[in-house]
Structures are given as structure tokens and as C-alpha cells.
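Architecture and fold: a report
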Amino acid sequence: MSRWIVAALTGLACCSAYADTFLRHPETFRVGPNPTSIAAADLNGDGLLEIVTSNRGRLTDIRDERPAGNTVSYLVADKPLQYRSQPPLSTGFGPYKLVVANIDALKAPDIVIANFHAVRNRDLTLLRNIGENLFEPRHFSIPDDKLNYARMRDGDNQPVYSTPGLTSLVIEDLNHDGFRDAIVTGWSADVLVFFPGESEAYFGKPVVTTLAGGPRDVATGDFDGDGEIDLAVTLYSTNEIALLQGDGSGAFRLRERFESRGKLPHKIRVLDLNKDGETDLIVTHTHADDSLVVFYGNGSFSFPLSQEITLGKDRQKLEFRIRDIVTADFTGNGRADIALACPEASSVVLLKNVSKGTGLPQLFSQETYRYDDGEPHALCVGDFNQDEKPDLAVALWDADMVALLLNK
């Protein structure tokens, strides 16, 4: 497979613009400490979007009684743009990524959380929605004998983090049995873990696959057109992307590994960015590169062309530290735009896709929305004011708040 063959596809390929796509909603909403993930969905059937955040808190020694935060914040919508806090929901320690999905086949969607600093075998948490804004917790574990610690150690040669150190989560029916499965990345143990969905237990016995390199984020797509779900994974420790081919049973085999064109590849997204009918990849980096790279697909696990977009002015200085990425057509021109949470710059950066065709490089215009009272760490898309336009919810560290950017 070609790594990248058009080195000239580098840079923003456009210009900065006045920030006129979003308006800041004047009110913010309190959540728990250090929200690392955020989602919006109608959780109580009233037609309004609730907001949930996973609150990682501060990581301490894994031998401590409470080595991290262990809550999900739940904001109930009383009216559009009016939210009321519910009592926090309990998870495993270090809840890192949450997804809202209907797991138990009942009417209301549930919440699934991957826990990074988990102890007491609470690696994956299901908050089963039982109605009336109440949730029943279920916890699922990954056997310790399937895990080998692969990351840094302290001065006493003890692991700094727990295993497997889950950092990402996808919920999807990967084996065509009608039940939603979970797949997670175990960064500290170099593993991918597949939890098959079940009717009564909700998730069955986990299947562990070794994937060296510090797997950090996972996304799904069909990279060869065979109708089966494949995986794209960022390898944080080796600066690579791994592509795994699915066989339709929940099993995956490694097809490709290639350089991500940056250091510390963090988030990965799968979509057709240039509207040529082929699946593309977007990878963000948290190093001083302050970059995202688009790998343009041409079928059968092949991504021969890539385009780098850098946010910072100095590649030797960390200026943005991209922590999250979402894509949506925010401008209504039929093309996917890119929104980035950048805590180092205390900003949300919007890359508006102003391209006119499928040709490369794609063109973007940059807008910046700065927060003086918090660091944007996570984003989600939703229509919060019910005007049929996609808005953004922003999880702010330090302030421990959720802010809203409303589409004009």
C-alpha cells in the first residue's frame, strides 16, 4: 500500500475567516470534573436532546481507593436550551468515552461507557435506561489473564495505569445477529476487545485481539466494499494507523499499518470528505504538529493520497493540542465540515469545507471560537434549539461546564 504520494497536499489550502457560523449560547451548564466525552440524545422520549458527559476526574495511583473520577453527568432538557442537572450516574473509574445507543431493545436509548482507570473489573459500564430518567448500572470485565501491561512504569517499576486502559468505544452490530456489539481500544495493554451483544446479558464474553502500538481510537467503515464492517485504529505510541478487515462474525485481521504523518495520532473519523464515492480517513495529532491528516481512499484498503492541515504556526511548539473532532455539514453546502476541540488554545476550531468538487486538495476556511473560562476537550453534534440546523455542545475542562455553539 502507498503511504502518501502527493506531498504537496499540505496546509490549510485556504484562509482564516470571521467566526460567523455559530453563536455562543449565553448560558453554560455544570457537569462533573474533567469531562472527557459528551453525547446528546433524547433519553426520555419528550423530543428534546438530553446531554451526558463522562467525567474522568484527576488520575491518581491505581492502588488508591479512588484512583479517578467515576461519574456520568446527566442534563435533562426541560425546554430547548434549558437544562436541569440530575444526580450523577456511577461508572467504573476514569470514564473516558461514552456512547448513547439502544442496547436492550427497549424504546429508550442506553448509555455505554469505556473506563480508562478501571479497577474491580469494571472496564465497560452499561447504564440501562429504565425510564423516568433512571438508569440501572451493569458492569463488564476483561479477564486479566488476557492482558499484558505495555506502557510506562513508576520509580518502583509499577504500572502507572491500569489494564487495559480503555480509551475509545464503538457500538454497532458487527456480526449480523441483531444485537449491538461493543468494540474498544485498550491503550495500556495493546489490545482491541470485542464484546458481542446478547439478549439477556447485554454483552457476552469479550474477545481480545493484540494490536501493538498503543491503540487509542477506533472507527468503523467498509474499506473494501464487501458489505462487512472493518476497523481503522490510531496507534498512539508508534505514530501509525492500523486497518483491520472484518469477516462479519466479529473477528478482525490486520490488513495494513502505515504512518499517520504526525506524532501522537489520537482521533480518527471515517467519511467521504471529497464526495467522490470513496471512504476517507481523518486523523488528528496531539503533538506540536497540531495537525490533522486526511487520507483519501480509492477502495480495497487503499489510501494513496493524503492532505495535511496544520493549525499552528510553529511545528516545534504545542499551540492547539487537538483532543476531539466531529464532522457535519454546518454551513448547509452539502459538504462535511470539521470541528476540533483544542484545549491548548482554549478554542473550538471550525474548518469550513469550501471545496467545489472532488479534486485535491480540498479547501477549508478556518473559524475560531475561544473560551476564556475553560478548555474544550470534547464535542458532540445536535440540534439543541430545534431549528433543524446542527449545533455543537462543548465539554470544558477546568470550568467543568458544557457550552453550546448554536448554528446561525
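Everything numeric in this text was worked out from a predicted model, so none of it was measured. (Residues numbered from 1 in each chain as written. Predicted model: local features only at pLDDT ≥ 70, side-chain atom pairs only at ≥ 80, totals over all residues. Heavy atoms only, no water.)

Turning our attention to the sheet that holds strand β25 (residues 337–342). Sheet strands pair via backbone hydrogen bonds, and the direction of the pair is either parallel or antiparallel. With antiparallel pairing, four strands are arranged side by side in an open sheet as β24-β25-β26-β27. A single partner strand is all that each edge strand has here, and the edge strands are β24 (324–328) and β27 (364–370). With direction set aside, neighbouring strand axes in the sheet form an average angle of 20 degrees. Direction of pairing for strand β26 (residues 347–353) relative to β27: antiparallel, over a ladder of seven bridges. Residue pairing across strands places Leu-350 opposite Glu-367, the latter belonging to β27. (Pairing = 2+ DSSP bridges. Helix = DSSP H or I, 4+ residues; strand = E, 2+ residues; numbered from the N terminus. Axes fitted to C-alpha atoms, helices over the stretch in contact; angles between N-to-C directions.)

The four strands lie next to each other as β12-β13-β14-β15, forming an open sheet whose pairing is antiparallel. Looking along the sheet, the strands with just one partner apiece sit at the ends: β12 (166–172) and β15 (207–210). Averaged over all adjacent pairs, the angle separating strand axes in this sheet is 20 degrees, with direction ignored. Pairing of strand β14 (residues 191–195) with β15, which is carried by four bridges, proceeds in the antiparallel orientation. Across the sheet, residue Leu-192 finds its bridge partner in β15, namely Thr-209.

Here we come to the confidence of the model for the protein chain. Averaged over every residue, the pLDDT of the protein chain is 94; the share at 70 or more is 96%. Low pLDDT, under 50, characterises residues 1–8; the stretch is placed with 22 contacts to residues that sit more than four places away or in other chains. (pLDDT = per-residue confidence, 0-100. Contact = heavy atoms within 4.5 Å.)

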